[in-house]
There are 2 protein chains.
Amino acid sequence: MSCESEIAQAVRDRGRRLTMQRVRILSALRHASEHQSAEQILDRVRGGDPLADISLSTVYRTLETATALGLASELRGATGTAVYEWSEPGTTHHHVECLACGRTESVALASLALAEAEIRERSGFEADIRHLAIPGLCADCRARGGR
Amino acid sequence: MSCESEIAQAVRDRGRRLTMQRVRILSALRHASEHQSAEQILDRVRGGDPLADISLSTVYRTLETATALGLASELRGATGTAVYEWSEPGTTHHHVECLACGRTESVALASLALAEAEIRERSGFEADIRHLAIPGLCADCRARGGR
DNA sequence: GTCGCACCTGCGAAGATTCGCAACAGCACT
DNA sequence: AGTGCTGTTGCGAATCTTCGCAGGTGCGAC
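Presented here is a report on the structure given in the accompanying data block. (Residues numbered from 1 in each chain as written. Chains lettered and ligands numbered in written order. Predicted model: local features only at pLDDT ≥ 70, side-chain atom pairs only at ≥ 80, totals over all residues. Heavy atoms only, no water.)

### A few points about the relation of the copies chain A and chain B
- Turning chain A through 180 degrees and shifting it by 0.0 Å along the axis lays it on chain B, with an RMSD of 0.0 Å. Here the two chains are linked by the operation of a two-fold rotation axis.
- Take the interface residues of chain A: 100% of them recur as interface residues in chain B, which is what a same-surface contact looks like. (Least-squares fit on C-alpha atoms with pLDDT ≥ 70 in both. Contact = heavy atoms within 4.5 Å.)

And the structure:
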């Protein structure tokens, strides 16, 4: 399938080595329908081919690398477990997470581009606001829970 | 000293119980000159009065509670260790963290208020963007490291 | 001042993530 | 195809954070 060669391409283009582990891990992430924890990804990878084992450390390291390369994004919610999702290069979206029920939702936020400009101007930082996790209260919990 | 009674006040006003541990932990956080990890706070608390011991769990739980109450803010950077800082109720500022050198800096960002409005409009979430950790590259690393 | 109910704390264990190190394996160059 | 340098991997250990439970304690009601 071509997605794997695309992944291979993307990894190599960014000056990283292409390894079987990376392809399998990123491929699993890409085909997942929702956010995956490191453990879940490991399960998927093992399911595909139980022979060649991949260590959990490698999953974490690959996800870290992929995040740095812009191929994945990491979300550390209040759950104590980080989850990851495939991130089509160049795309942007953000996540709001309900502090009451834990539900998360994706939103496209144009105004954050302004924040990047504001940051550059004030601190000289080149901010990378492509996949932010924003805490809040969802409409349901707000209506129900009060406050 | 009055800061402790202010802390007491703040905790009680929010419907939480006032305990010796909370006062000591929050007081230590408040008087710290910079971000503190849970372990550092524990050290400070123990330094003050080695007799009454406080457990690390309690430090974590108190910081979590205080964050929920808006008295503290939590920053989980790339370092693998969460740090906390006292947060004067009602105030807002954000942190940019350099992905290359790890340095963090505070910035006030007006544009994030717009993002809150945008989120409410698009998803019904009531976002709470008061202390966000924003990844990026600082001016130095950008100049030096290239790109 | 006493009583009782939750909320809190301590402790130990479990879970999640990072680190250090030696062995392995891409990839550029011959 | 062979070689070497260096980025990667696996493994186990260390570290950080969360959890569950039994006992303690703040605080409102008497």
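### Quick word on the protein's contact with DNA strand D
- DNA strand D sits among 23 residues. The nearest are Thr58(A), Arg61(A), Arg17(B), Tyr60(B) and Ala82(B).
- The sugar-phosphate portion of DNA strand D accounts for 62% of its atoms within 4 Å of the protein, the bases making up the rest.
- Here a sugar or linking oxygen of DNA strand D sits 2.9 Å away from a polar atom, N or O, in the side chain of Arg22(A).
- Between DNA strand D and the protein, one listed contact pairs a phosphate oxygen with a backbone N or O atom of Ala82(B) at 2.6 Å.
- When contributions to the surface near DNA strand D are tallied by element, the ones reaching two or more residues are α2 (20–31) and α4 (56–69) of chain A together with α4 (56–69) of chain B.
- For the surface near DNA strand D, the element with the most residues is α4(B), which contributes four residues.
- Of the residues in the surface near DNA strand D, the class split is five nonpolar, eight polar and ten charged. (Near = heavy atom within 4 Å. Polar contact = N/O pair within 3.5 Å; in protein donor to acceptor, adjacent residues only side chain to side chain. Helix = DSSP H or I, 4+ residues; strand = E, 2+ residues; numbered from the N terminus. Nonpolar A, V, L, I, M, F, W, Y, C, P; charged D, E, K, R; others polar.)

### What about the interface of chain A and chain B?
- With 32 residues of chain A in contact, the opposing surface of chain B contributes 32 residues.
- For the pair chain A and chain B, the two sides together bury roughly 2,700 Å², of which 66% comes from carbon and sulfur.
- Linking chain A with chain B are two salt bridges, by the criterion used here.
- Those elements that place two or more of their residues in the side of chain A that touches chain B are β4 (94–98), β5 (104–107), α5 (111–123), β6 (126–127), β7 (133–137) and α6 (139–145) of chain A.
- When residues of the side of chain A that touches chain B are assigned to their parent elements, the largest contribution, eight residues, is made by α5(A).
- Along the lines of polarity and charge, the residues of the side of chain A that touches chain B split into 20 nonpolar, four polar and eight charged.
- Examined bridge by bridge, β7(A) and strand β6 (residues 126–127) of chain B share two bridges and lie antiparallel to one another. Along β6(B), the bridge assignment pairs Leu137(A) with Glu126(B). (Buried area = accessible area lost by both parts, 1.4 Å probe. Salt bridge = Lys/Arg side-chain N within 4 Å of Asp/Glu carboxyl O. Pairing = 2+ DSSP bridges.)

### Re the protein's contact with DNA strand C
- If you check the shell around DNA strand C, you find 22 residues, and the closest are Arg17(A), Tyr60(A), Ala82(A), Thr58(B) and Arg61(B).
- The sugar-phosphate share of atoms of DNA strand C within 4 Å of the protein amounts to 62%.
- One nitrogen or oxygen atom from the side chain of Gln21(B) is found 2.9 Å from a sugar or linking oxygen belonging to DNA strand C.
- Contact between DNA strand C and Arg22(B): a sugar or linking oxygen at 3.0 Å from a side-chain N or O atom of the residue.
- If you tally residues by element for the surface near DNA strand C, the top one is α4(A), at four residues.
- Considered class by class, the residues forming the surface near DNA strand C number five nonpolar, eight polar and nine charged.

### Focus on the environment of His35(A)
All names here are of chain A.
- Position of His35 among the secondary structure elements: in the loop between α2 and β1 (36–37).
- Expressed as a C-alpha distance, the spacing of His35 and Val107, which sit 72 residues apart in the sequence, is 15 Å.
- Aside from chain neighbours lying at most four places away, what touches His35 is Gln40, Leu75, Val83, Tyr84, Glu85, His95 and Thr104.
- Within polar-contact distance, the side chain of His35 engages the side chain of Glu85 at 3.1 Å.

### Structural notes on the pairing of β5(A)
Residue and element names in this part refer to chain A.
- Relative to β5, β4 runs antiparallel, the two being bridged by four bridges. Within β5, the residue paired with Glu97 across the bridge is Thr104.
- Counting the residues in the hairpin turn of β4 and β5 gives five residues, including Gly102, whose phi is positive at 85 degrees.

Nothing here speaks to function; it is all geometry.
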